[in-house]
Amino acid sequence: MPTPHHPDDPNPEAPGRGGPDARLLTEVVTRLRRALRASIRTDYPWETLPMAQVELLQVLAEHSPARIGDLAARQRLATSTVSGLIGQMITSGLVARAVDPADRRASAVTLTDAGRDQLTAWAQAHERRLDAALDALDTDDRAIVRSALPALFRLAEHLDDTGTPDAPAATPDPPATAPDAPQAAPGRPTPADRPGARG
């Protein structure tokens, strides 16, 4: 198994490479995500739910109801892309869409009980796997991981600044339809869309 590059890499300034801290952190995060998704499939096959949908469920758990345009801006995705994902999630019963009471020309998306249950199961499966991995570390390593958590949260806040100028502007929401209007049947997610297919 390849090991992360050491900070004393003889060529840290090679084209296309960041500083040693950023490079090591990128490798660690990538390996953690890949290892976690691979190990979690042994007892919880989440391939059936694309990661893009999981991320939308996470946003809706914190900001619900939300307009399609607002969700697109938060995720830095095209409004049409988010609209397609939401259509699939409505069909699956994970979210519901209705006329926005604040502006009846727009639609708002809410997380359903089924969607919240799916998100809870997803989080619990990850926590179980991480608990097992943490238990395998020695006391000193567990203490180091624990002490790094506050700084990692602050780092995530810097990365999650949705007000940056380079974030794509959301296009206007499509006109809202009646809450019980039929939705177009979405296509089935491809293997590339699934969590297990990403690094």
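Structure first, text after, so check above.
Residues numbered from 1 in each chain as written. Predicted model: local features only at pLDDT ≥ 70, side-chain atom pairs only at ≥ 80, totals over all residues. Heavy atoms only, no water.

This brings us to the sheet that holds strand S1 (residues 66-67). In space, the three strands of this open sheet follow the order S1-S3-S2, with antiparallel pairing throughout. In this open sheet, the two edge strands, each paired with only one partner strand, are S1 and strand S2 (95-100). Pairing between S2 and strand S3 (residues 103-111): six bridges, direction antiparallel. Along S3, the bridge assignment pairs Ala98 with Ala108. (Pairing = 2+ DSSP bridges. Helix = DSSP H or I, 4+ residues; strand = E, 2+ residues; numbered from the N terminus.)

Judged by nonpolar contacts, the single largest core of 23 residues is most densely connected at Leu57, Leu71, Ile86 and Val95. If one sorts the elements of this core by residue count, helix H2 (residues 51-62) sits on top with seven residues. Discounting residues that sit within four places of it in the chain, Val95 has contacts with Leu57, Leu60, Ile86, Met89, Ile90, Val109, Thr110, Leu111 and Thr112. (Core = buried A, V, L, I, M, F, W, Y, C linked by side-chain atoms within 4.5 Å. Buried < 20%, exposed > 50% of the residue type's maximum accessible area, 1.4 Å probe, protein only. Contact = heavy atoms within 4.5 Å.)

A separate point is the packing of H2 against helix H3 (residues 68-75). Put simply, H2 and H3 touch, their axes get as near as 11 Å, and they point 110° apart. One way to sum up the angle between H2 and H3 is to call them roughly perpendicular. Between H2 and H3 lies a crossing of right-handed hand. Along the contact surface, H2 presents Glu55, Leu56, Val59 and Leu60, while H3 presents Leu71, Arg74 and Gln75. Per-class residue counts for the contact of H2 with H3 are four nonpolar, one polar and two charged. (Axes fitted to C-alpha atoms, helices over the stretch in contact; angles between N-to-C directions. Parallel < 35°, antiparallel > 145°, perpendicular 65-115°, else oblique. Left-handed = near helix turned anticlockwise from the far one by under 90°. Nonpolar A, V, L, I, M, F, W, Y, C, P; charged D, E, K, R; others polar.)

We now examine the pairing of S3. Relative to S3, S1 runs antiparallel, the two sharing two bridges. What sits directly across from Arg67, in S3, is Ala108. Hairpin connection from S2 to S3: two residues lie between these consecutive antiparallel strands.

An ideal rise of 1.5 Å per residue puts 30 Å on 21 residues; helix H1 (residues 20-40) measures up with 30 Å between its terminal C-alpha atoms. Buried within H1 are the following residues: Arg23, Leu36, Arg37 and Ile40. Structurally, H1 contributes buried residues whose contacts are with H2 and helix H5 (113-136). (Expected span 1.5 Å × (residues − 1).)

On the surface, a cluster of nonpolar side chains totalling about 920 Å² of accessible area is made up of Leu25, Val29, Leu130, Leu134, Leu137, Val145, Leu149, Leu152, Phe153, Leu155 and Leu159. Broken down by secondary-structure element, the contributors of at least two residues to the nonpolar patch are H1, H5 and helix H6 (139-159). With six residues, H6 is the largest single contributor of residues to the nonpolar patch. By secondary structure assignment, the location of Leu130 is in helix H5. (Patch = residues over 30% accessible without salt bridge, like charges linked within 9 Å, V, L, I, M, F, W, Y side chains within 5 Å. Areas by Shrake-Rupley, 256 points an atom, 1.4 Å probe, with all protein chains shown as cover. Salt bridge = Lys/Arg side-chain N within 4 Å of Asp/Glu carboxyl O.)

A few words on unusual backbone geometry. A cis geometry characterises the amide bond from Ser64 onward to Pro65, with omega recorded as 0°. Tracing the backbone shows Pro65 in the loop between H2 and S1. One non-glycine residue, Arg76, lies in positive phi territory at about 55°. Relative accessible area serves as the criterion here: at 30%, Arg76 is assigned to the partly exposed category.

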